[in-house]
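Each chain is listed here by its residues.
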Amino acid sequence: MKELVEVLAQALVDHPEAVVVTETEKADEIILELKVDPEDMGKVIGKQGRIAKAIRAMVKAAASRTDKKVVVEIGH
């Protein structure tokens, strides 16, 4: 999951070297925290959050094979 978010984010931003994804695993969920350069926040979130929703939908689809819930948090 971490690699999927990383690849998607790097394809969207102007500063791919600044993309950092941290994975935290809890009992029944995995939290993926995506951090990008402040200049690239708008590109990752998109108008009205459409790109962020699309990223979350792709991760949710990829995680459907596991029994854990996957949460994607976007920050800088």
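Residues numbered from 1 in each chain as written. Predicted model: local features only at pLDDT ≥ 70, side-chain atom pairs only at ≥ 80, totals over all residues. Heavy atoms only, no water.

Peer 1: Would you take a moment to explain the overall build of the protein for this structure?
Peer 2: Secondary structure assignment for the protein yields three helices and three strands. Counting from the amino terminus, the protein carries its helices and strands in the arrangement α-β-β-α-α-β. By the compact-globule yardstick of 11 Å for 76 residues, the protein fits well, its C-alpha radius of gyration being 12 Å. Its C-alpha atoms give the protein principal-axis dimensions of roughly 35 × 20 × 15 Å. The proportion of buried residues among the 76 residues of the protein is 29%. A separation threshold of at least 6 residues defines the contact pool for the protein, and within that pool the share at least 24 residues apart is 56%. The distance from the centre of the 12 positive side-chain charges to the centre of the 14 negative ones in the protein is 8 Å. (Helix = DSSP H or I, 4+ residues; strand = E, 2+ residues; numbered from the N terminus. Rg over C-alpha atoms; globule rule 2.2 N^0.38 Å. Buried < 20%, exposed > 50% of the residue type's maximum accessible area, 1.4 Å probe, protein only. Contact = heavy atoms within 4.5 Å. Lys, Arg positive; Asp, Glu negative; His and termini not counted. Charge placed at Lys NZ, Arg CZ, Asp CG, Glu CD.)

Peer 1: Whenever I open this one, the pattern of salt bridges confuses me. Can you help?
Peer 2: Per the stated rule, a full pass over the model turns up four salt bridges. Close ionic contact of K35 with E33 constitutes a salt bridge, the shortest N to O distance being 3.8 Å. Classification of K35 by relative accessible area gives partly exposed; the value is 35%. By relative accessible area, E33 is classed as partly exposed at 29%. (Salt bridge = Lys/Arg side-chain N within 4 Å of Asp/Glu carboxyl O.)

Peer 1: In this structure, what is going on with the nonpolar core? I would like to understand it.
Peer 2: Generally speaking, nonpolar side chains in soluble globular proteins are found buried as a group. Counting 16 residues, the largest nonpolar core has V5, V19, L32, L34 and V36 as its most contacted members. Looking at this core, the elements that each hand over two or more residues are helix 1 (2-12), strand 2 (29-35), helix 2 (41-45), helix 3 (50-63) and strand 3 (69-75). When near neighbours in sequence (up to four residues on either side) are disregarded, L32 contacts M1, K2, V5, V21, T22, E23, V59, V70, V71, V72 and E73. (Core = buried A, V, L, I, M, F, W, Y, C linked by side-chain atoms within 4.5 Å.)

Peer 1: Whenever I open this one, the sheet that holds strand 1 (residues 20-25) confuses me. Can you help?
Peer 2: In a beta sheet, neighbouring strands pair by backbone hydrogen bonds and run either parallel or antiparallel. The mixed open sheet is built from three strands, whose spatial order is 1-2-3. This sheet does not close on itself; its edge strands, each paired only once, are strand 1 and strand 3. Pairs of neighbouring strands in the sheet enclose a mean axial angle of 20°, with direction left out of account. Both strand 1 and strand 2 contribute to a ladder of six bridges, which runs antiparallel. Its bridge partner being in strand 2, T24 is matched across the sheet by I31. This element, helix 3, spans strand 2 and strand 3 of the sheet and lies at about 155° to strand 3. (Pairing = 2+ DSSP bridges. Axes fitted to C-alpha atoms, helices over the stretch in contact; angles between N-to-C directions.)

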